[in-house]
Amino acid sequence: KVVFNASNGKMILKGANNQILNGEAAYNIGKLEINKDAGTVTLTRSMTIDSSITFINGIINTDSTITLKAAVNCSGASNLSFVDGPVKKIGNTAFVFPVGASTGYFPLEMTTPSNISDSYLCRYVNRNHGESDSLDTSIGYLATCGYWQFNRLNGTSNVKVRLFWDSLGCGVYDTTNLTVANWNGTLWKDLGNDSISGNKLCGSIYSEISVLSFNKIVWAQVVPQAVIVADLGTNSRSIPEDFFGYN
């Protein structure tokens, strides 16, 4: 393994060129900061962080898991800097996963797990969820422009989630009748709407109940479907089909 976690040392990714972190070994990092003038970072090996990860500018692209231990402080993630890949969090504190994709930053927040050994993994994927449209009776329509893959890796704690959107990528046209849907393997279950913050351009929704199946999670619209008309001049149209992904 490659170790950068001695004493108070920090690994800083900077510069304007694309960077690749590869090799045969996993990376163990005490503190990581990403602050690039331009370019991206590609990680081809798993990485574990002990103390902190700070996002300022630059995106980490990876299919390998970045593990954040219980004591890790995660700060600064935004549309300018996040992880396009899977992030694992260990511990018993509420946490905002700093994930996104090519369309931007789409974090998921989970409520507090019960045990310090509990662990969860989250990744945002900016494409159709790929599952059937078998819906809970309360759901009328699903977002098809992106989803969160959210898995419980260790423990039995149940958590609620908070999903975020903005106007740069897969967003919402209107927050009317918005809810959270969770794939249970055969059916999209309605996790409900505890509260909504913000507006259609930038906001978030809390699920009313805990995640029922640690699998895919999307925004959804409850029934009855509201018919929303977008004022696009000569291209005005009725858009239950564009309820998501159009701003």
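Residues numbered from 1 in each chain as written. Predicted model: local features only at pLDDT ≥ 70, side-chain atom pairs only at ≥ 80, totals over all residues. Heavy atoms only, no water.

The next point concerns the sheet that holds strand 7 (residues 60-62). Spatial ordering of the open sheet is given by 3-5-7-10, a layout of four strands whose pairing is parallel. Lying at the two open borders of the sheet, with one neighbouring strand each, are strand 3 (19-21) and strand 10 (83-84). (Pairing = 2+ DSSP bridges. Helix = DSSP H or I, 4+ residues; strand = E, 2+ residues; numbered from the N terminus.)

Attention now goes to the nonpolar core. Ranked by size, the top nonpolar core spans 46 residues in total, and within it Phe97, Trp148, Phe150 and Trp219 carry the most contacts. Core analysis: the next-biggest nonpolar cluster, separate from the first, contains nine residues, Val125, Ile139, Leu142 and Tyr147 among them. (Core = buried A, V, L, I, M, F, W, Y, C linked by side-chain atoms within 4.5 Å. Buried < 20%, exposed > 50% of the residue type's maximum accessible area, 1.4 Å probe, protein only.)

Strand order in the open sheet formed by five strands is 12-15-19-23-22, with antiparallel pairing between adjacent strands. Across the chains shown, the open sheet's two edge strands, defined by having one partner strand only, are strand 12 (95-97) and strand 22 (195-198). Each neighbouring strand pair of the sheet contributes to a mean axis angle of 20°, computed without reference to strand direction. The pairing of strand 12 with strand 15 (residues 108-110) spans three bridges and is antiparallel. The residue of strand 15 that forms the bridge with Phe95 is Met110. (Axes fitted to C-alpha atoms, helices over the stretch in contact; angles between N-to-C directions.)

On to the pattern of salt bridges, then. Under the counting rule described, the total for this entry stands at six salt bridges. Residue Glu33 is joined to Lys10 by a salt bridge in which the shortest nitrogen-to-oxygen separation is 3.3 Å. With Glu33 in strand 4 (residues 27-36) and Lys10 in the loop between strand 1 (2-4) and strand 2 (11-15), this residue pair connects regions lying 23 residues apart in the sequence. Residue Asp50 is joined to Lys69 by a salt bridge in which the shortest nitrogen-to-oxygen separation is 3.0 Å. Placement of the pair is Asp50 in strand 6 (residues 47-57) and Lys69 in the loop between strand 8 (66-68) and strand 9 (73-75), with a sequence separation of 19 residues. Judged by relative accessible area, which is 23%, Asp50 ranks as partly exposed. (Salt bridge = Lys/Arg side-chain N within 4 Å of Asp/Glu carboxyl O.)

This brings us to unusual backbone geometry. Of note in the backbone geometry, Asn177 takes a positive phi value of approximately 65° without being a glycine. Residue class for Asn177 comes out partly exposed when judged on its relative accessible area of 29%.

Attention now goes to the pairing of strand 11 (residues 87-90). Residue alternation in strand 11 divides its side chains into a buried set, Val87 and Lys89, and an unburied set, Lys88 and Ile90. Relative to strand 11, strand 8 is paired through three bridges, and the arrangement is parallel. Note on strand 11: the bridge partner recorded for Thr67 is Lys88. Here strand 11 runs beside strand 16 (residues 119-125); their pairing, made up of four bridges, is antiparallel. Residue Lys89 lies in a different strand from strand 16, and its bridge partner there is Tyr120.

Here we take up the confidence of the model for the protein. When pLDDT drops low, the exact placement of atoms in the prediction is not to be read closely. Averaged over every residue, the pLDDT of the protein is 89; residues scoring 70 or more account for 87%. Across residues 226-242, confidence stays below pLDDT 50; counting only partners more than four residues off in sequence or on other chains, it has 27 contacts. (pLDDT = per-residue confidence, 0-100. Contact = heavy atoms within 4.5 Å.)

Right, let's talk about the packing of aromatic side chains for a bit. What the rule picks out here adds up to twelve aromatic pairs. Ring geometry for Tyr120 versus Phe150: centroids 5.8 Å apart, planes at 10°, classification stacked. Here Phe150 lies in strand 18 (residues 147-154) and Tyr120 lies in strand 16, a separation of 30 residues in the sequence. Overall, Tyr120 belongs to the buried group, its relative accessible area being 0%. Here the aromatic residues Phe95, Phe97, Tyr120, Phe150 and Phe214 are joined through ring pairs into a cluster of three or more. Lying across the ring of Phe95, Lys89 places its NZ or CZ 5.4 Å from the centre. Positioned above the aromatic ring of Tyr147 is the side chain of Lys216, whose terminal nitrogen or guanidinium carbon lies 4.8 Å from the ring centre. (Phe/Tyr/Trp six-rings, centres within 6.5 Å; stacked < 30°, edge-to-face > 60°. Lys NZ or Arg CZ within 6 Å of the ring centre and 35° of its normal.)

We now examine the pairing of strand 4. Where burial is concerned, most of strand 4 is hidden: eight out of the ten residues are buried. Two strands pair when backbone bridges link them, and strand 2 and strand 4 are joined in this way by five bridges, in the parallel orientation. When the bridges of strand 4 are listed, Lys14 appears paired with Asn35.

Below, the discussion takes up the side chain of Asn182. By the secondary structure assignment, Asn182 is in strand 20 (residues 178-183). Polar side-chain contacts of Asn182 include one of 3.1 Å to the backbone nitrogen of Leu212. Looking at Asn182, its side chain comes within polar contact range of the main-chain oxygen of Lys216, at 3.2 Å. (Polar contact = N/O pair within 3.5 Å; in protein donor to acceptor, adjacent residues only side chain to side chain.)

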